[in-house]
Amino acid sequence: MANPSKARGTAWETAVVRYLHEHGFPNARRKVLTGKLDEGDIDLGSCEVTIEAKNTQKITLSEFVDEARIEARNSGGGYGVAVVKRRGKGTGESYAVMRLEDWTEFVTRWTKVEAK
């Protein structure tokens, strides 16, 4: 891969998918680019979550979360989560970031499903 940024991004997406597989998300997969609307980097299969994986020097949470939300909408999913690499830390210590409004809605829906 000639573009170092692209290679770093691909490696990070692969590491996140591998981590998700190892921690209860066997259907997690990297998405391929389709059409002109970006649909995020990773989906969890049957879950309504779209992940935007970020491996950048500068962390700009507002931009990352906005991008994840737009891409979740583009893919027909309900929730966008930015998974942001922490320098010098393993995949499990990365940040998973979303708006509080989205998080409370997601957790409320999840706990109602679990209670049934």
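Numbers given for residues are sequential positions, taken from 1 along each chain in its written order. Under the rules for a predicted model, residues below a pLDDT of 70 receive no local features and side-chain atom pairs below 80 are neither given nor counted, while totals for whole chains, interfaces and linings still include all residues. Side-chain figures throughout are based on the complete set of non-hydrogen atoms in the structure, without hydrogens or water.

Engineer: I'd love a proper account of the overall build of the protein chain, names of residues and values included.
Structural biologist: When helices and strands are counted, the protein chain shows 3 helices and 5 strands. Walking the protein chain from its N terminus toward its C terminus, one meets helices and strands in the order α-β-β-β-α-β-β-α. Atoms counted for the radius of gyration: C-alpha only. Globule rule: 2.2 Å times residue count to the power 0.38. In summary, the protein chain has a C-alpha radius of gyration of 14 Å against a globular reference of 13 Å for 116 residues, a match within 12%. Each residue is placed in one exposure class: buried if its accessible area under a 1.4 Å probe, protein chains only, is under 20% of its type's maximum, exposed if it is over 50%, and partly exposed if it falls in between. Out of the 116 residues belonging to the protein chain, those deemed buried represent 33%. When checking whether two residues touch, look at their non-hydrogen atoms; a contact exists if any pair is within 4.5 Å. Here the contacts in the protein chain between residues at least 6 apart in sequence split such that 46% fall between residues at least 24 apart. We treat Lys and Arg as the positive residues and Asp and Glu as the negative residues; His and chain ends play no part in the count. Where a charge lies is defined by one atom per residue type: Lys uses NZ, Arg uses CZ, Asp uses CG and Glu uses CD. Across the protein chain, the mean location of the 19 positive side-chain charges is 3 Å away from that of the 17 negative side-chain charges. Counting from the N terminus, the helices are DSSP H or I runs at least four residues long and the strands are E runs at least two residues long.

Engineer: Explain the confidence of the model for the protein chain to me, and be specific about the residues and the numbers.
Structural biologist: Each residue gets a pLDDT score, which is the predictor's confidence in that residue and runs from 0 to 100. Here the protein chain averages 90 in pLDDT, while 94% of its residues score no lower than 70. The spread of mean pLDDT over the elements of the protein chain runs between helix 3 (residues 100–115), the lowest at 84, and strand 5 (residues 95–97), the highest at 98.

Engineer: Tell me about the packing of aromatic side chains, and please be specific about residues and values.
Structural biologist: Planes of paired rings set the category: under 30 degrees apart is stacked, over 60 is edge-to-face and the rest tilted, where pairs are Phe, Tyr or Trp rings (Trp by its six-membered ring) whose centres lie within 6.5 Å. A full pass over the atoms with the stated rule returns 1 aromatic pair. Where Y79 meets F106, the ring centres are 5.1 Å apart and the plane angle is 70°; that geometry is what we call edge-to-face. One end of the pair, Y79, is in strand 4 (residues 79–84); the other, F106, is in helix 3, and 27 residues separate them in sequence. Among the residues examined, F106 registers a relative accessible area of 25% and is labelled partly exposed.

Engineer: Account for the nonpolar core, with residues named and values stated.
Structural biologist: L20, I42 and I51 are the most contacted members of the largest nonpolar core, which totals 15 residues. Elements represented by at least two residues in this core include exactly helix 1 (4–22), strand 3 (49–54) and strand 4. Ranked by residues supplied to this core, first place goes to helix 1 with 5 residues. Here L20 is in contact with F25, A28, I42, L44 and I51, once residues within four sequence places are set aside. Residues enter a nonpolar core if they are buried and are Ala, Val, Leu, Ile, Met, Phe, Trp, Tyr or Cys, with the set joined through side-chain atoms within 4.5 Å.

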